Amino acid sequence: MTKPALPLATGTDRLLLLETFIRIVEAGSLSAAALQLGATQPTISRRLQLLERTLGVRLLQRSTHAIRLTEDGQRCYERARELTTTWQSLESEVSGAGEDLAGSLRVVAPHAFGQNQFMDALAHYLRLYPRMRVEWLLHDRVPDFIAENIDCAIKVGPVQDPSVVAVKLGEVPRSVMAAPSLLGGGPLPRHPSELAALPWLALRTFYRNEVSLTHVRTGEVVCIDIVPRLSTDGLYAMRKAALQGLGVGIASDWALRDDLASGRLVQLAPDWFAPPLPVYLVYAPSRLQPPRLRRFIEIMREHLPAELRASDAG
């Protein structure tokens, strides 16, 4: 017996289908999107099929381990984001919430980024909405959004929890650096193999006993084992230890800019770079996102630090 064809979507269905498609792309899988939306995977799959049938194109290529946007899917994703953003703005304008937001937000940000990189965006939000209050909480873990009553978080590094929505903002370039005194007047190391014998500092959130470096032109990857003299989860502590000449470290380029320019630190193996760290804005999924949170997320995306904006935000 021939299986009946799926009907075409009506006007009232289409926004839901587009929102579901966006969630699939940003979550990375149908199962993760289903978890975030509080739906079943078959329901999410049916919505995707209905959207593809309505548009008359294939949007995703699926394999056992991953999904990938087709060329039509990439165009659809970009336009779908524009359309849903426009619709959300319309909702805010009609309700009046977009003109005069009031209330409070609890936001978690990493120590280093929260004290520097995102302060301009936060200040813009507070100036734009003077009746809003923000609790800006600094720690590096992804919180339990429900238990801790957190509205959203900025996360540097991969997001492992498929139950949250993670929107990629950009990437942080990283360099290998040390104080000139550590080299004792010797030549600047040019190849990763020359770094293994040096004392190391580990930023244990991102690397502990091994580092991987990629050649900027050839793409060659070299992994080296390290035995850190000092391990820390604080970027500023590692930078300070490097300035004291205690070891070699890998850190975000933005945090090293002034030290490198002044010569207090030097870049080692300058033709090699550590994998950049992704930066995400993470929040708990909800069909009814409050306008104050929605505008905060939009402003974080619109007013990215220059270092992130220069990267491919994906």
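Before going into details, it helps to say that this report is about the structure given with it. The written sequence of each chain sets the order in which its residues are numbered from 1. Reporting in this predicted model follows two pLDDT cut-offs: at least 70 for local features of residues, and 80 or more for side-chain atom pairs to be given and counted; totals over whole chains, interfaces and linings ignore these cut-offs and use all residues. Excluded from the side-chain calculation are hydrogens and water; included are all heavy atoms of the structure.

Looking at the side chain of T84
- Along the polypeptide, T84 turns up in helix α4 (residues 71-95).
- Whether a residue is buried, partly exposed or exposed follows from its accessible area with a 1.4 Å probe, protein chains only, as a fraction of its type maximum: under 20%, in between, or over 50%, in that order. For T84, a relative accessible area of 8% gives the class buried.
- Here a polar contact is recorded for every N or O atom pair within 3.5 Å, except that within protein the pair must consist of a potential hydrogen donor and a potential acceptor, and residues adjacent in sequence are included only if both atoms are side-chain atoms. In terms of polar contacts, T84 uses its side chain to reach the backbone carbonyl oxygen of R81, at 3.1 Å.
- Pairs of residues are marked as contacts when any of their non-hydrogen atoms sit within 4.5 Å. If we skip the residues at most four places from it in the chain, T84 touches L15, E19 and I22. Here a strand is any run of E in DSSP of at least two residues, a helix any run of H or I of at least four, and the numbering for each starts at the N terminus.

Re the environment of R190
- By secondary structure assignment, the location of R190 is in the loop between β6 (165-178) and β7 (200-203).
- On the basis of relative accessibility, which here comes to 51%, the residue R190 falls in the exposed class.
- As a C-alpha pair, R190 and L268 span 78 residues in sequence and 6.6 Å in three-dimensional space.
- Look past the residues within four positions of R190 in its chain and what remains in contact with it is A269, P270 and W272.

Thoughts on unusual backbone geometry
- Look at N149: it is not a glycine, yet its phi comes out positive at around 55°.
- For N149, the position within the fold is in the loop between β4 (132-138) and β5 (152-156).
- Of note, A269 is a non-glycine position whose phi angle comes to about 45°, a positive value.
- Of note, A269 is situated in the loop between β12 (266-267) and β13 (272-283).

Focus on the pairing of strand β8 (residues 210-215)
- Here β8 pairs with strand β9 (residues 221-225) via five bridges, running antiparallel. Note on β9: the bridge partner recorded for T214 is V221.
- When DSSP finds at least two bridges between two strands, those strands are taken to pair. The hairpin turn running from β8 into β9, its antiparallel successor, is five residues long, and G219 in that turn takes a positive phi close to 80°.
- Direction of pairing for β8 relative to β13: antiparallel, over a ladder of two bridges. Bridged to H215 within β13 is W272.

Points about the nonpolar core
- Core analysis: the biggest nonpolar cluster contains 63 residues, and F118, W200, Y207, V279 and F296 have the highest contact counts within it.
- Looking at which element gives the most residues to this core, the answer is β6, with seven residues.
- Start and end points for every domain follow an automatic or database-based domain assignment. Both of domain 2 (98-170 + 278-308) and domain 3 (172-276) provide at least three residues apiece to this core.
- Those residues in contact with F296 that sit more than four places away from it in its chain are L105, V107, L122, Y125, W136 and C152. Put simply, buried Ala, Val, Leu, Ile, Met, Phe, Trp, Tyr and Cys residues joined by side-chain atoms within 4.5 Å make one nonpolar core.

Observations regarding helix α6 (residues 119-128)
- Of all the positions in α6, only A121, L122 and Y125 are classed as buried. Mapping the buried residues of α6 onto a view down its axis gives an arc of 100°, with all of them on the same face. Residues of α6 that are exposed and angled more than 90 degrees away from the buried face: D120 and R127.
- Each element contacted by the buried residues of α6 is listed here: β3 (103-109), β4 and α9 (291-302). In this description, the arc belongs to the directions extending from the helix axis to the C-beta atoms.

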